[in-house]
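Coordinate analysis (summary)
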Amino acid sequence: MNGGRFPHALLLEGPEGSGRRTFAREIAAALFCRGEHKPCGSCSQCRKVLEQNHPDVEYYGGDGSRRSFHIDTIRQLRQNAWLLPGEAPCRVCVLCGAENMTDQAQNALLKILEEPPEHTVFILTAENRAMLLPTILSRVQTIRLEPLTPAEILPVLRERCPDQPGEKLEWAAETADTIGQALALLADESLQRHAQLAQRMLELLCNGSEYDLLTAVEPVSRKREDLLEVCTQLRQLLTAELTRAASGGESRFSTRRITRMLEALDDLLPRVQQNGNTLLLSTLLALRLSQA
């Protein structure tokens, strides 16, 4: 809040599965709610928002891949943002995966963030705010959705997945940063294999050789989707290690080494996404991580 007035633009930043889109709906419901305690979840306005059929809440975004959020979508958003709300006190435009906007799309969005309609609130969601232009970041207020601890995730998994073995639930809670990630792991055997491989790579980075790491990466070196998923899982593990190291907790690596490994991942991931040679890039990744 700014002087009792809700910000015209928010950025909800957090890892995949952290509930960014759910939180955006909750914010919209609170803005529209007619109950005493907002959001009440039971008034007609809340129900429409939470069921995603409110005429004054619109969702925009690409297919989730890098640079899939194009300028044409922002042009449509800019037209719709000036329409007056039909039922609610304001309109809410939710931009899902805002880090996937092209630079042209971000510059087009900046124009309306600089002079927004008084009756429209913009809510951006992103995994990493660093992927957005500084000019965009200067126009939004950021709320960071922090990763959950295993102790916070495990009770939810036990409640939602009572038929799963206890050891598997504990593994998912230890591996994931969010409830959404943990549930996805339990439901997808392919994700489980990728997560286990990422954990194995982390162990080898601590105690193994370059050859051991190259051998471990080989099974995912020929399929782009598999390599991307393993890299994503490894990045989450390294980020968790960095958080522990920075806060004085126990970590297997120094802060400097973790940072250099994350830099290597961030440098190579775009090349994998842009149809680079996966066999060559997986080899380069193993070498860069070992030498970090």
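Going by the structure above, here's the rest.
The paragraphs below set out a description of the structure included in this document. A quick note: this is a predicted structure, and the numbers were derived from the prediction, not measured.

The next thing to look at is the side chain of R25. Locating R25 in the fold gives a position in helix 1 (residues 20-32). Buried charge without a salt bridge: R25, with E26 as the nearest opposite-charge side chain at an N-O distance of 6.8 Å. The residues contacting R25, other than those within four sequence positions of it, are V49, L50, Q52 and Y59.

Right, let's talk about the pattern of salt bridges for a bit. Taken as a whole, this structure holds eleven salt bridges when the rule is applied. A salt bridge links R288 to D267; the shortest N-O distance between them is 3.1 Å. Here D267 lies in helix 12 (residues 255-273) and R288 lies in helix 13 (residues 278-291), a separation of 21 residues in the sequence. By relative accessible area, R288 is classed as partly exposed at 29%. Under the relative-accessibility criterion, D267 is labelled partly exposed at 32%. Residues joined by salt bridges that share partners form a network here, namely D56, E58 and R91.

For the rest of this paragraph, the subject is helix 11 (residues 224-246). Across its 23 residues, helix 11 extends 32 Å between first and last C-alpha, which sits within 8% of the 33 Å expected from 1.5 Å per residue. Taken together, the buried positions of helix 11 are occupied by D226, L227, V230, C231, Q233, L234, Q236, L237, L238, E241 and A245. Next to the buried residues of helix 11 lie helix 7 (166-175), helix 8 (179-187), helix 9 (189-207), helix 12 and helix 13. Just beyond helix 11, the residue with positive phi is G248, at close to 85°.

So, about the packing of aromatic side chains. A ring pair, where both rings are aromatic, is described by two values, the distance of the centres and the angle of the planes. Enumeration over the complete set of coordinates arrives at zero aromatic pairs. It is R21 that lies over the ring of Y59; its NZ or CZ is 4.3 Å from the centre.

The rules behind the values
- Residues numbered from 1 in each chain as written.
- Predicted model: local features only at pLDDT ≥ 70, side-chain atom pairs only at ≥ 80, totals over all residues.
- Heavy atoms only, no water.
- Helix = DSSP H or I, 4+ residues; strand = E, 2+ residues; numbered from the N terminus.
- Buried < 20%, exposed > 50% of the residue type's maximum accessible area, 1.4 Å probe, protein only.
- Lys, Arg positive; Asp, Glu negative; His and termini not counted.
- Salt bridge = Lys/Arg side-chain N within 4 Å of Asp/Glu carboxyl O.
- Contact = heavy atoms within 4.5 Å.
- Expected span 1.5 Å × (residues − 1).
- Phe/Tyr/Trp six-rings, centres within 6.5 Å; stacked < 30°, edge-to-face > 60°.
- Lys NZ or Arg CZ within 6 Å of the ring centre and 35° of its normal.

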